[in-house]
Amino acid sequence: MDAKKIRSALADISTEQDPTVKSLKLASLCSALWAERGVQLVVVGGSAIEILTDGAYASGDLDMCHATAATLPIAQRKEIMGLLDAKGGPRNWQVAGMYLDLLGPVESFARTPFRRVEGPFGEVLVMKAEDLLVERVLVSVYPGENQTARDCAKKFIAVILGGDMAVNWDEVRRLANLPEYRNFPQCVKLVKEVADEFKVKSPLHPD
Amino acid sequence: MNSKSKVPCIPIEGSISYKDWLKGRRHRRELGELVAPGIIRRKSSSSDRRLKKLFNGERGLPFTPTEKL
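*Asks:* Got a minute to help me understand the overall build of chain A in this structure?
*Replies:* A tally of helices and strands in chain A yields eight helices and seven strands. Since a compact globule built from 207 residues should have a radius of gyration of about 17 Å, the 18 Å found for chain A is in line with a globular shape. Along the first, second and third principal axes, the C-alpha set of chain A runs to 55 × 35 × 30 Å. Every one of the 207 residues in chain A was classed for burial, and the buried ones make up 57%. Sequence-distant contacts, at least 24 apart, represent 63% of the contacts inside chain A between residues at least 6 apart. Counting only carbon and sulfur atoms, one obtains 51% of the accessible surface of chain A, whose full area is about 8,400 Å². Across chain A, the centroid of the 25 positively charged side chains sits 2 Å from that of the 28 negatively charged ones.

Encoded structure:
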């Protein structure tokens, strides 16, 4: 991406006032610049949930990890973020009126692909919905009851049951039974709760 | 419920276009609002100091109201 395009993208992101669109645009620009250097970035955590649900959940920071085995050396990260007039580094930057955190290698247990959204400056990889769902249900009860995480998980399930996001329920079942989570009963319960509100059969129902 | 959705679905395989992602925002927000409060942004986190400094005491930009999505 040439300097003119980068400046134009940066101006667009800086003036964007919708937090979810701003986050997607910044992820799109950073993903493109990293990809040019052979590293794939993926949006994770609350930022990923926000892109997939528009659930009014995320705060003003964008969390990304690298999906490729290696990330960029610090000098190259500094060079790219310098192009974006970013402050800080080498893992956290203030850029275009928000924060970007680069958290390290992505952790995923699902065998499904990362979700892909075509952003305005290039494709954005988003954490797998199956991982996000099972993890958010876990956070809603562990280490203690967490109402915000529960609301977030319910909204996530609602978007899936409403037909706006596809998931592999067999994979959700498998992940929730892994030693890393062991929260299948909680997943069943919460999915049933939303399914009942929507008057549809729960996809995690034993039948 | 699934069959009633008239907005583009975020797929497992392949990608969703930016235009379709934008088009589906309102419906995704509305689905969530059927089961939980509208805004569920956490009240605090370890990033509070930097966020509140940047966003005038808030933890991020205000969310666009659902009817304007």
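*Asks:* What should I look at first to understand the overall build of chain B in this one?
*Replies:* Helix and strand counts for chain B come out as two helices and one strand. Secondary structure elements of chain B, listed N to C terminal, follow the sequence β-α-α. For chain B, the C-alpha radius of gyration of 16 Å lies well beyond 11 Å, the compact-globule estimate for 69 residues. Every one of the 69 residues in chain B was classed for burial, and the buried ones make up 41%. Expressed as a percentage of contacts within chain B between residues at least 6 apart in sequence, the contacts between residues at least 24 apart total 36%. For chain B, the accessible area works out to roughly 4,300 Å², and carbon and sulfur atoms hold 51% of it.

*Asks:* What exactly am I supposed to notice about the interface of chain B and chain A here?
*Replies:* Note on interface size: it is often stated as the accessible area lost on association of the parts. Taken together, the contact between chain B and chain A spans 45 residues of the former and 58 residues of the latter. Between chain B and chain A, roughly 4,100 Å² of surface is buried when both sides are summed, and carbon and sulfur atoms account for 60% of that area. Between chain B and chain A we count six salt bridges in total. Between Asp-61 of chain A and Arg-50 of chain B there is a salt bridge, and its shortest N-O distance comes to 3.1 Å. For the interface between chain B and chain A, the tally reads 22 residue pairs in polar contact (both at pLDDT 80 or more). Taken together, the elements giving at least two residues each to the side of chain B that touches chain A come down to β1 (15–16), α1 (18–33) and α2 (48–54) of chain B. Of the residues forming the side of chain B that touches chain A, the biggest block, ten residues, is contributed by α1 of chain B. Where strand β6 (residues 115–119) of chain A and β1 of chain B come together, two bridges link them in parallel fashion. Looking across to β1 of chain B, one finds that Arg-116 of chain A is bridged to Ser-15 of chain B.

Thresholds applied
- Residues numbered from 1 in each chain as written.
- Chains lettered and ligands numbered in written order.
- Predicted model: local features only at pLDDT ≥ 70, side-chain atom pairs only at ≥ 80, totals over all residues.
- Heavy atoms only, no water.
- Helix = DSSP H or I, 4+ residues; strand = E, 2+ residues; numbered from the N terminus.
- Rg over C-alpha atoms; globule rule 2.2 N^0.38 Å.
- Buried < 20%, exposed > 50% of the residue type's maximum accessible area, 1.4 Å probe, protein only.
- Contact = heavy atoms within 4.5 Å.
- Areas by Shrake-Rupley, 256 points an atom, 1.4 Å probe, with all protein chains shown as cover.
- Lys, Arg positive; Asp, Glu negative; His and termini not counted.
- Charge placed at Lys NZ, Arg CZ, Asp CG, Glu CD.
- Buried area = accessible area lost by both parts, 1.4 Å probe.
- Salt bridge = Lys/Arg side-chain N within 4 Å of Asp/Glu carboxyl O.
- Polar contact = N/O pair within 3.5 Å; in protein donor to acceptor, adjacent residues only side chain to side chain.
- Pairing = 2+ DSSP bridges.

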